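Inside the fold
This is what each chain is made of:
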Amino acid sequence: MKLLIWIVIALVIIGGIAWFMSSNDIDLDGDASDSDVDTLSENGRVIDTDTAVFDEIDDAMGEIE
Amino acid sequence: MKKSITLISIVLLLSISFVLAAGSSSGGTPSRNSDSPAQIVVSGRTTCEDIEAIRERIKCRFQYKAVARAEAADVVEEACRGRAGAINEDKCKALYERLKNKKCYDFEDPVAKKRCLLKESGININTGGTFRAAPNDVKRSYVVALLYELQERIEKLEANGEITVDESASLVAKIVEIKQMILDGKPRSEIVPKIQAFKAEFRATITEDEQ
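Residues numbered from 1 in each chain as written. Chains lettered and ligands numbered in written order. Predicted model: local features only at pLDDT ≥ 70, side-chain atom pairs only at ≥ 80, totals over all residues.

1. Some details on the overall build of chain A
Definition in use: Secondary structure is summarised from DSSP: a helix means a run of H or I of at least four residues, a strand means a run of E of at least two, and numbering begins at the N terminus for each. Residue burial here comes from a neighbour count, namely the number of other C-beta atoms, placed from the backbone, that lie within 10 Å of the residue's own C-beta, with 20 or more meaning buried, 12 or fewer meaning exposed, and in between meaning partly exposed.
The number of helices and strands found in chain A is two helices and zero strands. Scored against the burial criterion, the 65 residues of chain A give a buried share of 8%.

2. Some remarks on the nonpolar core
For clarity, the threshold we go by: Put simply, a nonpolar core is a cluster of buried Ala, Val, Leu, Ile, Met, Phe, Trp, Tyr and Cys residues tied together by C-beta atoms within 7 Å. The contact criterion used is a C-beta to C-beta distance within 7 Å, with each C-beta placed from the backbone.
Grouped together as the largest cluster of nonpolar side chains are 38 residues, with contacts concentrated most on Val 143, Val 144, Leu 146, Leu 147 and Ile 175 of chain B. Considering every element that reaches this core, the biggest residue donor is helix α7 (residues 136–159) of chain B, with nine residues. In contact with Leu 147 of chain B, other than residues within four places in its own chain, are Ile 57 of chain A together with Ile 175, Ile 178 and Lys 179 of chain B.

3. A look at the domain arrangement of chain B
All names here are of chain B. The criterion, for reference: For each domain, the first and last residues come from an automatic or database assignment. Each residue is assigned to one class: nonpolar for Ala, Val, Leu, Ile, Met, Phe, Trp, Tyr, Cys and Pro, charged for Asp, Glu, Lys and Arg, and polar for all the others, Gly among them.
Each assigned domain of chain B is listed with its residue range as follows: domain 1 (30–75) and domain 2 (80–211). The centre of domain 1, based on its C-alpha atoms, is set 23 Å off from the matching centre of domain 2. At the junction of the two partners, domain 1 supplies six residues and domain 2 supplies nine residues. Its residues placed into classes, the side of domain 1 that touches domain 2 shows three nonpolar, one polar and two charged.

4. Some remarks on α7 of chain B
Convention followed: Here the expected span of a helix is defined as 1.5 Å times the quantity of residues minus one.
For α7 of chain B, spanning 24 residues, the distance from its first C-alpha to its last is 35 Å, which sits close to the expected 34 Å at 1.5 Å a residue. Two residues or fewer after α7 of chain B comes Gly 161 of chain B, characterised by a positive phi angle close to 75°.

5. Structural notes on the confidence of the model for chain A
Rules: Per-residue confidence from the predictor is reported as pLDDT, a score between 0 and 100.
Summary statistics for chain A give a mean pLDDT of 76 and a share of 71% for residues scoring 70 or more. Taken together, the stretch residues 23–35 of chain A has pLDDT below 50 and engages in zero contacts with residues farther than four places along the chain or on a different chain.

6. With respect to unusual backbone geometry
One non-glycine residue, Lys 103 of chain B, lies in the positive phi region at around 50°. On the basis of neighbour counts, which here come to 10 C-beta atoms within 10 Å, the residue Lys 103 of chain B falls in the exposed class.

7. Quick notes on helix α5 (residues 89–101) of chain B
Compared with an ideal rise of 1.5 Å per residue, which puts 13 residues at 18 Å, α5 of chain B spans 18 Å between its outermost C-alpha atoms and is within 8% of the ideal. One or two steps after α5 of chain B, the chain reaches Lys 103 of chain B, where phi turns positive at roughly 50°.

8. Section: the packing of α7 of chain B against helix α8 (residues 165–183) of chain B
Residue and element names in this part refer to chain B. Operational definition: Helix axes are fitted to C-alpha atoms over the stretch in contact, other axes to C-alpha atoms as well, and angles between N-to-C directions run from 0 to 180 degrees. Oblique is the label for every angle not falling under 35 degrees (roughly parallel), over 145 degrees (roughly antiparallel), or within 65 to 115 degrees (roughly perpendicular).
Axis separation between α7 and α8 bottoms out at 10 Å; the angle between their running directions is 175°. It follows that α7 is roughly antiparallel to α8 by the angle criterion. Note on element contacts: α8 touches α7 through Val 165, Ser 168, Leu 171, Val 172, Ile 175, Ile 178, Lys 179, Ile 182 and Leu 183, opposite Arg 140, Val 143, Val 144, Leu 147, Leu 150, Gln 151, Ile 154 and Glu 158. Split into classes, the residues belonging to the contact of α7 with α8 amount to twelve nonpolar, two polar and three charged.

9. Observations concerning the packing of helix α3 (residues 54–63) of chain B against α8 of chain B
Residues and elements named next belong to chain B. Condition: When the near helix sits turned anticlockwise from the far one by under a right angle, the crossing is termed left-handed; a clockwise turn instead gives a right-handed crossing.
Closest axis-to-axis distance for the α3/α8 pair is 9 Å, and the angle between their directions is 130°. Considering their axes alone, α3 and α8 lie oblique with respect to each other. For the pair α3 and α8, the crossing hand works out as right-handed. Contacts between α3 and α8 pair Ile 54, Arg 55, Ile 58, Lys 59, Phe 62 and Gln 63 from the former with Val 165, Asp 166, Ser 168, Ala 169, Ser 170, Val 172, Ala 173 and Val 176 from the latter. When the residues that make up the contact of α3 with α8 are grouped by side-chain class, the tally is eight nonpolar, three polar and three charged.

Here it is, written out as structure tokens:
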């Protein structure tokens, strides 16, 4: 009987943690979609790879008149 | 007696091998301190500036790095030479000086590097200035700064032996040509195809050498 109680408690705790983590993910996704980060701004695209530098050049060229 | 002869022989052998090793380490390979004119002459070339074709001039700098280092302070950046358009030679030189003095390309952190490139191109980040709102010349300067970043990457690949001198010279010559068009104020419709062609060559070169 005691073992059954402990199993129920463990399941409740695990379920609670899982719910908390999944709700956090939703919040993070929401933040990302709400933000309007200009890729060419200092906080926009990170130019850490060759591809990122090329993409940055393409976007910057798109802004040139 | 026998012991002392053996000991003297060992000491002599050690001394000879040490002298030989010290001699071969400086033979033929230019070191950091070998930029003096006398040692550059040994490499067979004292300047790359007397070569007329731009691609060959760039190739020369890859081949004779000591010559390139010695000349770096006195020569004008290839892309800036003779520019008289939207961004003239003086403005172009000033841009390179700012990028060099602020050591933008030395930043390991890509976010800090981008901030430096944007700022030194003329975007007033500190007062909340955005790229979109910046004047056209500033936008063009930023593209030039990004192209120089690619040039730095090519130079590193060549230095690490990942691409050849010919491949590096060809890629850098194309970068210089694109930069000149941007500085001259050429329309986007003329520049973009050049960038796409360069991108294709860059990717083909890197992929080819990775295999």
